[in-house]
Amino acid sequence: EPQIRAQFRAMIDGRPFESVLPNTWTQYLSDLKLLDALATHPARVYSPQAAQWHVLDAAMYTSYLVGQIGASASHATRMADLERTLVSHPLWRARGARWLVIQPHYDLKMIIGDTFALQLARRNELVGPVILATVDRSGTNIGRQKELFDLYRRALMVPHVATPELAHRAAACAQSPSSC
């Protein structure tokens, strides 16, 4: 995970996201910013037993983008490794332990894979709460995600990444929707 963040930051190199990637991708890049903010939040605790919430510290959408541009090893492999590690963790299996999963893109299965997405839904149903942080609760409108309804129903809404470039594009699309 640290390598993905480093690769992404090297690729961006301090430039606005939209100068490197299309805004149809960058609008979902809130995962890194949220995870970084939570890591330094004054209420953060370092003892898992004292935590009220457990945050899955993995920038899964960023990993997906890095995989899309071919800058690293397989995103699918990273997600499978993350799933394997997570489900073997004692706190993942602990009844009542609450988990926050930040994955801003609306298509959870596309970003983390079918089995990992279903693992989140199963844990939410059988063991304890998994709260999905996403920009769009309508992800269950994608037919193949119907079984994820409870994850999206209880989702925590996070904002799209707003930038001047994205605002300009939105204004242009409002004027001429057929060009978008």
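## Observations regarding the overall build of the chain
- For the chain, the count of helices and strands is 10 helices and four strands.
- The C-alpha atoms of the chain give 17 Å as radius of gyration, which agrees with the globular expectation for 180 residues (16 Å, within 12%).
- C-alpha extents for the chain along the principal axes are approximately 50 × 35 × 35 Å.
- Out of the 180 residues in the chain, the part that is buried amounts to 42%.
- Expressed as a percentage of contacts within the chain between residues at least 6 apart in sequence, the contacts between residues at least 24 apart total 71%.
- In the structure as shown, the chain presents an accessible area of about 9,600 Å², 57% of it carried by carbon and sulfur atoms.
- When the 19 basic and 15 acidic side-chain charges of the chain are each reduced to a single mean position, those positions are 5 Å apart.

## Describing the nonpolar core
- Residues F8, L56, M60, L108, I112, F116 and L120 are the most contacted members of the largest nonpolar core, which totals 45 residues.
- It is helix α4 (residues 60–68) that provides the largest number of residues to this core, a total of five residues.
- Setting aside residues no more than four positions away along its own chain, L120 makes contact with W92, V101, L108, I112, V130 and L151.

## Looking at the packing of aromatic side chains
- As enumerated under the stated definition, the model contains four aromatic pairs in all.
- Where Y28 meets Y61, the ring centres are 5.8 Å apart and the plane angle is 70°; that geometry is what we call edge-to-face. Here the residue Y28 occupies a position in the loop between α2 (23–26) and α3 (30–39), and Y61 occupies one in helix α4, the gap between them amounting to 33 residues. Take Y28 and Y61: they sit in the same class, and that class is buried.

## Some thoughts on the sheet that holds strand β1 (residues 54–55)
- Spatially, β1-β2-β3-β4 is the arrangement adopted by the four strands of the open sheet, whose pairing is parallel. The outermost strands of the open sheet, each flanked by one partner alone, are β1 and β4 (156–157).
- Across four bridges, strand β2 (residues 99–102) lies against strand β3 (residues 130–134) in parallel orientation. If you follow W99 over to β3, its bridge partner there is V130.

## A few points about the side chain of Q119
- Residue placement: Q119 occurs in helix α8 (residues 114–126).
- Those residues in contact with Q119, other than ones at most four positions away along the chain, are E83, V87 and W92.

## Regarding unusual backbone geometry
- Phi is positive for D13, which is not a glycine, with a value near 55°.
- For D13, the location among the structural elements is in the loop between α1 (2–12) and α2.

## Things to note about the pairing of β2
- Of the two faces of β2, the one carrying W99 and V101 and the one carrying L100 and I102 are both buried.
- As judged from the two bridges shared by β1 and β2, these two strands associate in the parallel manner. Looking across to β2, one finds that H54 is bridged to W99.

Conventions we followed
Residues numbered from 1 in each chain as written. Predicted model: local features only at pLDDT ≥ 70, side-chain atom pairs only at ≥ 80, totals over all residues. Heavy atoms only, no water. Helix = DSSP H or I, 4+ residues; strand = E, 2+ residues; numbered from the N terminus. Rg over C-alpha atoms; globule rule 2.2 N^0.38 Å. Buried < 20%, exposed > 50% of the residue type's maximum accessible area, 1.4 Å probe, protein only. Contact = heavy atoms within 4.5 Å. Areas by Shrake-Rupley, 256 points an atom, 1.4 Å probe, with all protein chains shown as cover. Lys, Arg positive; Asp, Glu negative; His and termini not counted. Charge placed at Lys NZ, Arg CZ, Asp CG, Glu CD. Core = buried A, V, L, I, M, F, W, Y, C linked by side-chain atoms within 4.5 Å. Phe/Tyr/Trp six-rings, centres within 6.5 Å; stacked < 30°, edge-to-face > 60°. Pairing = 2+ DSSP bridges.

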